[in-house]
Amino acid sequence: MHALALNGSPRTTGNTAALLRHALDGAAQQGAATEFVNLGSLRFEGCRSCFACKRKDGRFVGRCALRDDATPVLERASESDVVLLGSPVYLSSLSGLMKSFFERLVFPNLSYDDPSRSQCPTRIATGFVYTMGMPHALADKAGYPHLFDTVKGYLELLRGPSDYVVAADTYQFDDYRRYAASNFDEARKARVRAEQFPRDCQAAFDLGARLVAPQHVPS
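Bear in mind that the values here come from a model prediction, so they are computed numbers and not experimental data. Counting from 1, residues in each chain are numbered in the order their sequence is written. For a predicted model such as this one, the threshold for reporting local features is a pLDDT of at least 70, and the threshold for listing and counting side-chain atom pairs is 80 or more; totals across whole chains, interfaces and linings nevertheless cover every residue. Values reported for side chains reflect all heavy atoms of the structure, with hydrogen atoms and water molecules removed beforehand.

1. Looking at the overall build of the protein chain
- The way it works is that DSSP assigns letters per residue, a run of H or I at least four long becomes a helix, a run of E at least two long becomes a strand, and they are numbered from the N terminus. Looking only at helices and strands, one finds 7 helices and 5 strands in the protein chain.
- Sequence-ordered secondary structure for the protein chain, helices as α and strands as β, is β-α-β-α-β-α-β-α-α-β-α-α.
- For a compact globule of 219 residues, the expected C-alpha radius of gyration is about 17 Å, and the protein chain comes in at 18 Å, within 12% of that figure.
- Only protein chains enter the accessibility calculation, which uses a 1.4 Å probe; a residue whose area is less than 20% of its type maximum is buried, one above 50% is exposed, and one in between is partly exposed. Across the 219 residues in the protein chain, those meeting the buried criterion constitute 49%.
- Throughout, a residue-residue contact means that at least one pair of heavy atoms, one from each residue, lies within 4.5 Å. Residue pairs at least 24 apart in sequence account for 77% of intrachain contacts in the protein chain once pairs closer than 6 positions are excluded.
- For the accessible areas, the method is Shrake-Rupley and the probe is 1.4 Å, while residue cover comes only from the protein chains on display. Surface accessibility of the protein chain: about 11,300 Å² in total, with carbon and sulfur atoms responsible for 50%.
- Computing the positive centroid from 26 side-chain charges and the negative centroid from 24, the protein chain places the two 4 Å apart. We take the radius of gyration over the C-alpha atoms and set the globule estimate at 2.2 Å times the residue count to the 0.38 power. Charge assignment in this entry is limited to Lys and Arg as positive and Asp and Glu as negative, and neither His nor the chain termini are counted. Note that the charge is assigned to NZ on lysines, CZ on arginines, CG on aspartates and CD on glutamates.

Shown next as structure tokens:
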């Protein structure tokens, strides 16, 4: 069993990374070997729309033809039992880092031919952790659940179960006094950090454990 976590935040030790590491701890508790990758340490780009992955009898069915730093990580993802992805929500979407990697991970597995829409050659369980400064109520009003469910639907093209955890109203700065951010109540943010974020971390841990555990059941 192998669980791979991919951090799509430019912060290597921030909220998103913390949730991913808890998810990996959950996977490890179920016996999986784990690996953590910061996408920000790689030099890569998003899909070039070359369609090499859609050629009949081509060499790249289910995998991206581009060669860069993302290539070996994509190969390890295709060989993993569980892939855990994480991203802060930026401007109602994924971070640029995660969006570029997500295109490269999912699009080669999207079939234009098969009625199931999937040409993934393996079965990969996936989990996603999201972090955002916006509270849950405002995020729901802004339609963010549509983003989360859309990403989940695309990850299901990898033929495994998929689920996600959302940590909202996160603590963004070490010292709010140093930033022009008066729309945020630092005292309330600190309470959320102390009371809710540990629960979010536990939810991420449970996600990792849950995604690994079914892999032990014979199909």
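2. A word on the sheet that holds strand β1 (residues 2–7)
- As summarised here, the arrangement of the 5 strands in space is β2-β1-β3-β4-β5, forming an open sheet in which the pairing is parallel. In this open sheet, the two strands that pair with only one neighbour each are β2 (33–38) and β5 (159–167). Direction aside, the axes of adjacent strands within the sheet are offset by 15° on average.
- Strand pairing is assigned whenever DSSP identifies at least 2 bridges connecting the two strands. In terms of strand pairing, strand β3 (residues 82–88) meets strand β4 (residues 124–131) through 7 bridges, oriented parallel. Considered in β4, the bridge of Val82 is made with Ala125.
- Geometry is summarised by axes, namely lines fitted to C-alpha atoms with helices restricted to the contacting stretch, and by angles between N-to-C directions that run from 0 to 180 degrees. In the packing of helix α2 (residues 70–78) onto the sheet, the strands contacted are β1, β2, β3 and β4, and the crossing angle to β1 comes to about 140°.
- Against the sheet, helix α7 (residues 197–212) contacts β3, β4 and β5, and its axis sits at roughly 175° relative to β5.

3. Regarding the packing of aromatic side chains
- Note on aromatic pairs: the rings of Phe, Tyr and Trp (six-membered ring only in Trp) are paired at centre separations within 6.5 Å, and the planes decide the class, stacked below 30 degrees, edge-to-face beyond 60, tilted for the rest. Within this structure, the stated rule accounts for 11 aromatic pairs.
- With a centroid separation of 6.4 Å and 50° between ring planes, the pair formed by Phe51 and Tyr112 is classed as tilted. Of this pair, Phe51 sits in the loop between β2 and α2 while Tyr112 sits in the loop between α3 (96–106) and β4, placing them 61 residues apart in sequence.
- Judged by relative accessible area, which is 37%, Phe51 ranks as partly exposed.
- In this structure Tyr112 comes out as exposed when scored by relative accessible area, which is 57%.
- On the numbers, 4.3 Å between centres and 15° between planes, the contact of Phe128 with Tyr130 is stacked. Judged on exposure class, the residue Phe128 and its partner Tyr130 are both buried.
- Put simply, the rings of Phe128, Tyr130, Phe148 and Tyr164 pair up and form one aromatic cluster.
- Any Lys NZ or Arg CZ that is within 6 Å of a ring centre and within 35 degrees of that ring's normal is treated as a charge sitting over the ring. Positioned above the aromatic ring of Phe36 is the side chain of Arg21, whose terminal nitrogen or guanidinium carbon lies 3.7 Å from the ring centre.
- Over the face of the ring belonging to Tyr112 we find Lys54, whose NZ or CZ atom lies 5.4 Å from the ring centre.

4. Brief notes about the UniProt feature "domain: NADPH-dependent FMN reductase-like" (unreviewed entry) in the protein chain
- When the UniProt feature table is mapped to this numbering, "domain: NADPH-dependent FMN reductase-like" (unreviewed entry) covers residues 1–111.
- Summarising residues 1–111: 32% helix, 17% strand, and an end-to-end C-alpha distance of 27 Å. UniProt positions are given in the numbering used here, feature names are shortened, and annotations may be inferred rather than shown by experiment.

5. Here's the deal with empty space enclosed by the protein
- We place a 1 Å grid over just the protein atoms. Points where a 1.4 Å probe fits but has no way out form a cavity, open points with protein on both sides within 12 Å along at least 5 of 7 lines form a pocket, and any residue with an atom within 4 Å of a point lines it. Grid points are joined across faces, edges and corners, and a volume is the space filled by probe spheres set on the points. By the definition in use, this model includes 2 cavities of 30 Å³ or more.
- Taken as a whole, the largest cavity holds about 100 Å³ of empty space.
- Lining of the largest cavity is provided by 14 residues; of these, Cys47, Cys53, Cys64, Phe107 and Pro108 occupy positions nearest its centre.
- As for the second largest cavity, its lining consists of Ala168, Asp169, Thr170, Tyr171, Val192, Arg193, Phe197 and Asp200.
- Elements with a contribution of two residues or more to the lining of the second largest cavity: α6 (186–195) and α7.
- For this classification, the nonpolar set comprises Ala, Val, Leu, Ile, Met, Phe, Trp, Tyr, Cys and Pro, the charged set comprises Asp, Glu, Lys and Arg, and every other residue, Gly included, is treated as polar. In terms of residue class, the lining of the second largest cavity is made up of 4 nonpolar, 1 polar and 3 charged.

6. So, unusual backbone geometry
- Of note, the phi angle at Ser49 is positive, near 55°, even though the residue is not glycine.
- Position of Ser49 relative to the elements: it lies in the loop between β2 and α2.
- Phi at Arg117 is positive, roughly 75°, even though this residue is not glycine.
- Residue Arg117 is classed as partly exposed on the basis of its relative accessible area of 41%.

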